[in-house]
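Chain by chain, the residues run as shown.
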Amino acid sequence: SQQGEEDPQALSIQEGENATMNCSYKTSINNLQWYRQNSGRGLVHLILIRSNEREKHSGRLRVTLDTSKKSSSLLITASRAADTASYFCATPGNSGNTPLVFGKGTRLSVIA
Amino acid sequence: DVKVTQSSRYLVKRTGEKVFLECVQDMDHENMFWYRQDPGLGLRLIYFSYDVKMKEKGDIPEGYSVSREKKERFSLILESASTNQTSMYLCASSSGRLYNEQFFGPGTRLTVL
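Heads up: these notes are all about the structure in this document. Computed from a predicted structure; not experimentally measured.

1. Topic: the overall build of chain A
- Assigned secondary structure in chain A consists of zero helices and 11 strands.
- Starting at the N terminus, the α and β elements of chain A follow one another as β-β-β-β-β-β-β-β-β-β-β.
- In terms of C-alpha radius of gyration, chain A reaches 13 Å, essentially the compact-globule figure of 13 Å for 112 residues.
- Judged by the C-alpha coordinates and their principal axes, chain A covers about 45 × 30 × 20 Å.
- Within chain A, buried positions represent 46% of all 112 residues.
- Taking all contacts inside chain A whose residues are at least 6 apart in sequence as the whole, residues at least 24 apart take part in 55%.
- Summed over all atoms, the accessible surface of chain A reaches about 5200 Å², with 44% contributed by carbon and sulfur.
- Charge separation in chain A, taken as the distance between the mean sites of 13 positive and 9 negative side-chain charges, equals 6 Å.

Right under this line is the structure:
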């Protein structure tokens, strides 16, 4: 089944810097979602971007989608220590009404 | 707020035991999912259900079964636990299409000795 692939696998930045994570996927999608997971906890939905959207904002989060390149990026501006978590992209399965497929995630560490 | 709860945060079982992991959601969602999460492998879908008494295999159903007798409850069953089933188990629910936004429980870390 299709799987989004996040890049980089791990990212370490200083508090106040911006963090950018990327996701690439293989086949056409109708939406792409980003989730966050704090250590040892469940995932929390951050944002959904539809295939006809190019950019979406939510607070300090900015998500872009380039369907021609089959890629998305998640930008966290002015990062805080509390943003330390793993971030996953998720896309629908290959066809029809199928469950989401999650990538392996980017582990973000924000150093105070 | 949507709430998805899982019966245990941590569980330790012995090889060969039958293990039940319970998941309950309070938002009347049609869809429920069970994943396992292992380092380096990400989330892998075990089983999902789109209605009461309906179940579908995910990517890694071997060694597991599920039960959905009521809309709010989705149980994962390990008939005979093995050490390679030591993992973090995550339950999620959603409404509408299967690829819509999912709401996750806190996870159960299962150790099989």
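Read on, since the account is not over.
2. Examining the interface of chain A and chain B
- At the interface, 21 residues of chain A touch 22 residues of chain B.
- In total, chain A and chain B occlude about 1700 Å² of area from one another, counting both sides; carbon and sulfur atoms represent 54% of this.
- Our enumeration of links across chain A and chain B arrives at zero salt bridges.
- Secondary-structure elements contributing two or more residues to the side of chain A that touches chain B are strand 4 (31-37), strand 5 (43-50), strand 9 (85-92) and strand 10 (100-102) of chain A.
- At four residues, strand 4 of chain A tops the list of elements feeding residues into the side of chain A that touches chain B.

3. Some words on the state of the cysteines
Residue and element names in this part refer to chain B.
- On inspection of all chains with the given rule, the structure shows two disulfides over all chains.
- Bridging C23 to C91, the disulfide has an S-S length of 1.8 Å. Disulfide C23-C91: torsion about the S-S bond near -75 degrees, hence left-handed. With C23 in strand 3 (residues 19-25) and C91 in strand 9 (residues 87-94), the pair connects residues that are 68 residues apart, well separated along the chain.
- Of the residues examined, C91 reaches a relative accessible area of 0% and is grouped as buried.

4. Digging into the packing of aromatic side chains
- Scanning the entire structure with this criterion turns up eight aromatic pairs over all chains.
- An aromatic cluster of three or more residues is present, and its members are A:Y35, A:F102, B:F33, B:Y35, B:F48 and B:F104.
- In this structure, B:R9 packs its charged tip against the face of B:Y10, placed 5.6 Å from the ring centre.

Calculation rules
Along each chain, the written sequence defines residue order, and numbers are assigned to residues from 1. To read the labels, note that chains go from A and ligands from 1, taken in the order they are written. pLDDT decides what is reported in this predicted model: residues at 70 or higher carry local features, side-chain atom pairs at 80 or more are listed and counted, and totals for whole chains, interfaces and linings draw on all residues regardless. Values reported for side chains reflect all heavy atoms of the structure, with hydrogen atoms and water molecules removed beforehand. A run of DSSP states H or I qualifies as a helix once it reaches four residues; a run of E qualifies as a strand once it reaches two. Both are numbered from the N-terminal end. This radius of gyration counts C-alpha atoms alone. The globule rule is 2.2 Å times how many residues there are, raised to the power 0.38. Buried means the residue's accessible area, taken with a 1.4 Å probe over protein chains only, is under 20% of the maximum for its type, while exposed means over 50%, and partly exposed covers the values in between. It only takes one pair of heavy atoms within 4.5 Å for two residues to be counted as in contact. All accessible-area figures derive from a Shrake-Rupley calculation using a 1.4 Å probe, and residue coverage is judged against the displayed protein chains alone. None of His or the chain ends enter the tally, which takes Lys and Arg as positive and Asp and Glu as negative. Every charge is mapped to an atom, namely NZ of Lys, CZ of Arg, CG of Asp or CD of Glu. Summed over both partners, buried area is the accessible surface (1.4 Å probe) that two parts give up on being assembled. What counts as a salt bridge is simple: a side-chain nitrogen of Lys or Arg found within 4 Å of a carboxyl oxygen of Asp or Glu. Here, two cysteine sulfur atoms that lie within 2.5 Å of each other are counted as a disulfide. Pairing of aromatic rings covers Phe, Tyr and the six-membered ring of Trp, with a centre-to-centre limit of 6.5 Å; geometry is then stacked below 30 degrees between planes, edge-to-face above 60, and tilted otherwise. Put simply, a charge is over a ring when the Lys NZ or the Arg CZ is close to the ring centre, within 6 Å, and near the line of the ring normal, within 35 degrees.

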